[in-house]
Amino acid sequence: MNVIGLDIGTTTICGIAVDAQSGELLKSKTLDNGSFIGGKPFEKIQSPEMIIEKVTAIAAELFEEFQPVCAIGITGQMHGIVYLDSNGKAVSPLYTWQDGSGNELMAEGRSYAKALSEETGYSMASGFGGTTYYYHTKEALVPADAVSFCTIHDYAAMMLTGRKTPITHVSDAASFGLFDIEKGCFDKQAIEKAGLNFGFFPDVTGEFEIVGEYRGAPVCVAIGDNQASFIGSVQDMQGCALVNMGTGGQISMLTDLKKAPENMEIRPLCSGHNILVGCSL
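This report concerns the structure included in the present document. (Residues numbered from 1 in each chain as written. Predicted model: local features only at pLDDT ≥ 70, side-chain atom pairs only at ≥ 80, totals over all residues. Heavy atoms only, no water.)

Now for the overall build of the protein. The helix and strand inventory of the protein stands at seven helices and 20 strands. For 281 residues, the compact-globule formula gives about 19 Å, and the C-alpha radius of gyration of the protein, at 18 Å, lands near that figure. Taken over the C-alpha atoms alone, the protein extends approximately 60 × 45 × 30 Å along its principal axes. Sorting the 281 residues of the protein into buried and exposed places 50% on the buried side. Accessible surface, the protein: about 12,600 Å² in total, of which carbon and sulfur atoms supply 51%. Here the protein carries 18 positive and 33 negative side-chain charges, and the mean point of each set is 5 Å from the other. (Helix = DSSP H or I, 4+ residues; strand = E, 2+ residues; numbered from the N terminus. Rg over C-alpha atoms; globule rule 2.2 N^0.38 Å. Buried < 20%, exposed > 50% of the residue type's maximum accessible area, 1.4 Å probe, protein only. Areas by Shrake-Rupley, 256 points an atom, 1.4 Å probe, with all protein chains shown as cover. Lys, Arg positive; Asp, Glu negative; His and termini not counted. Charge placed at Lys NZ, Arg CZ, Asp CG, Glu CD.)

Turning next to the sheet that holds strand S5 (residues 45–46). Pairing is antiparallel in the open sheet, where three strands are placed in the order S4-S5-S8. Strand pairing shows two members of the sheet lacking a second neighbour, strand S4 (36–37) and strand S8 (94–95), which therefore form its edges. As judged from the two bridges shared by S5 and S8, these two strands associate in the antiparallel manner. Residue pairing in the sheet places isoleucine 45 in a bridge with tyrosine 95 of S8. (Pairing = 2+ DSSP bridges.)

Below, the discussion takes up the packing of helix H1 (residues 48–65) against helix H4 (residues 152–161). A pair of packed helices is characterised by two quantities: the angle between their axes and the separation of those axes. Relative orientation of the contacting elements H1 and H4 amounts to 55 degrees, with a least axis distance of 10 Å. Comparing the axis directions of H1 and H4 gives the class oblique. In the packing of H1 onto H4, the handedness of the crossing is right-handed. Here Pro48, Ile51, Ile52, Val55, Thr56 and Ala59 of H1 come into contact with H4, specifically with Ile152, Tyr155, Ala156, Met159 and Leu160. Taken together, the residues of the contact of H1 with H4 sort by class into ten nonpolar, one polar and no charged. (Axes fitted to C-alpha atoms, helices over the stretch in contact; angles between N-to-C directions. Parallel < 35°, antiparallel > 145°, perpendicular 65-115°, else oblique. Left-handed = near helix turned anticlockwise from the far one by under 90°. Contact = heavy atoms within 4.5 Å. Nonpolar A, V, L, I, M, F, W, Y, C, P; charged D, E, K, R; others polar.)

A separate point is the nonpolar core. Counting 35 residues, the largest nonpolar core has Leu6, Ile72, Ile74 and Tyr155 as its most contacted members. For this core, the secondary structure elements donating two or more residues are strand S1 (2–8), strand S2 (12–19), H1, strand S6 (69–76), strand S7 (82–84), H4, strand S14 (210–214) and strand S15 (217–220). When residues of this core are assigned to their parent elements, the largest contribution, seven residues, is made by H1. In this view, tyrosine 155 contacts Pro48, Ile52, Val82, Leu84, Gly88, Lys89, Ala90 and Cys150; residues no more than four positions away in its chain are not counted. Grouped together as the second largest cluster of nonpolar side chains are 28 residues, Tyr83, Phe128, Ala146 and Ala174 included. (Core = buried A, V, L, I, M, F, W, Y, C linked by side-chain atoms within 4.5 Å.)

Mapping threonine 151 onto the fold places it in the loop between strand S9 (148–150) and H4. There is a polar contact of 2.9 Å between the side chain of threonine 151 and the side chain of aspartate 154. Discounting chain neighbours no more than four positions away, the residues touching threonine 151 are Gly80, Val82, Asp172 and Phe176. (Polar contact = N/O pair within 3.5 Å; in protein donor to acceptor, adjacent residues only side chain to side chain.)

Right, let's talk about the pattern of salt bridges for a bit. For the structure shown, the criterion picks out nine salt bridges. One salt bridge connects arginine 215 with glutamate 64, and the closest N-O pair in it is separated by 2.6 Å. Of this pair, arginine 215 sits in the loop between S14 and S15 while glutamate 64 is found in helix H1, placing the two residues 151 residues apart along the sequence. With its nearest N and O atoms 2.9 Å apart, the salt bridge here joins glutamate 108 to arginine 110. Residue class for glutamate 108 comes out partly exposed when judged on its relative accessible area of 48%. (Salt bridge = Lys/Arg side-chain N within 4 Å of Asp/Glu carboxyl O.)

Looking now at the sheet that holds strand S17 (residues 241–245). The four strands are arranged S17-S18-S20-S19 in an open sheet whose pairing can be described as antiparallel. The strands lining the two open edges of the sheet, one partner per strand, are S17 and strand S19 (265–270). Strand-to-strand twist in this sheet, taken as the mean axis angle between neighbours without regard to direction, amounts to 30 degrees. Inspection of the sheet shows S17 paired to strand S18 (residues 249–255) by five bridges, in the antiparallel sense. The residue bridging methionine 245 from the neighbouring strand is glycine 249, located in S18. Taken strand by strand, helix H7 (residues 225–233) contacts S17, S18, S19 and strand S20 (273–279), and its axis lies near 60 degrees from that of S19.

A cluster of nonpolar side chains, Val243, Met245 and Ile251, forms an exposed patch at the surface whose accessible area comes to about 300 Å². Structurally, the position occupied by isoleucine 251 is in strand S18. The class for isoleucine 251 is partly exposed, based on a relative accessible area of 33%. (Patch = residues over 30% accessible without salt bridge, like charges linked within 9 Å, V, L, I, M, F, W, Y side chains within 5 Å.)

The structure is reproduced here in structure tokens:
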């Protein structure tokens with residue numbers, strides 16, 4: 001039995017097939033993402049259609065070559081959001097983690113990210129999904145037929161399984177901001193205080209649950225790429241730190257801390273565990 005892994009990065013889209021028993025890498029395939037599209041000067045947006053076309057092509061190739069497939073796992077770039085309609089179809093570009101809309105200035109001179117931070121008490125940066133949604137709400141830019149949003153890898157899981165509603169792992173949900181890590185859920189009071197529609201935020205799970213099937217193979221809920229790299233790379237989660245340099249970069253380690261030191265973040269990992277992360281971008 002074999003396992004397929006898919007990774008939707010900002011720069012590349014990757015897939016691997018692995019022997020589920022031995023852990024042997026059977027094949028890897030990498031494609032340029034190449035989906036950036038034009039927009040406002042401060043926007044960093046990608047085409048979800050182009051991304052899904054490449055993801056499904058890689059999944060189909062690996063699935064055909066390495067049957068039987070017992071599971072498919074998905075990860076990808078965190079923070080960004082794509083808006084969905086009631087049928088689970090994308091009705092917007094992917095607003096990536098690099099999107100600069102949160103740094104734009106409101107009428108009174110504050111940035112949207114700063115205003116949202118002050119209104120909610122959460123430290124919100126430009127590129128966080130919650131900040132992007134706040135900017136779109138204030139500027140009346142949320143698509144008229146949108147009813148929710150999710151990450152691009154959540155969307156890939158939906159497209160592979162035919163699922164119509166998104167479900168987001170805590171590792172990704174926290175990357176949107178406005179998320180209570182201790183309770184494992186979005187902060188409804190803070191979200192509504194900022195004038196946002198709580199219903200747009202996806203359902204959240206803290207477990208590695210199955211969200212559907214692709215050609216009979218179970219597809220696991222997508223997880224954040226920072227957490228996926230930690231789980232996949234360290235042999236001793238208690239005693240190891242992971243340094244990863246790509247389009248972005250992080251140093252990550254397991255933590256029992258409830259509050260992060262200055263210039264670092266606490267991010268949910270799985271099953272109640274968190275990692276302490278320092279980011280270069």
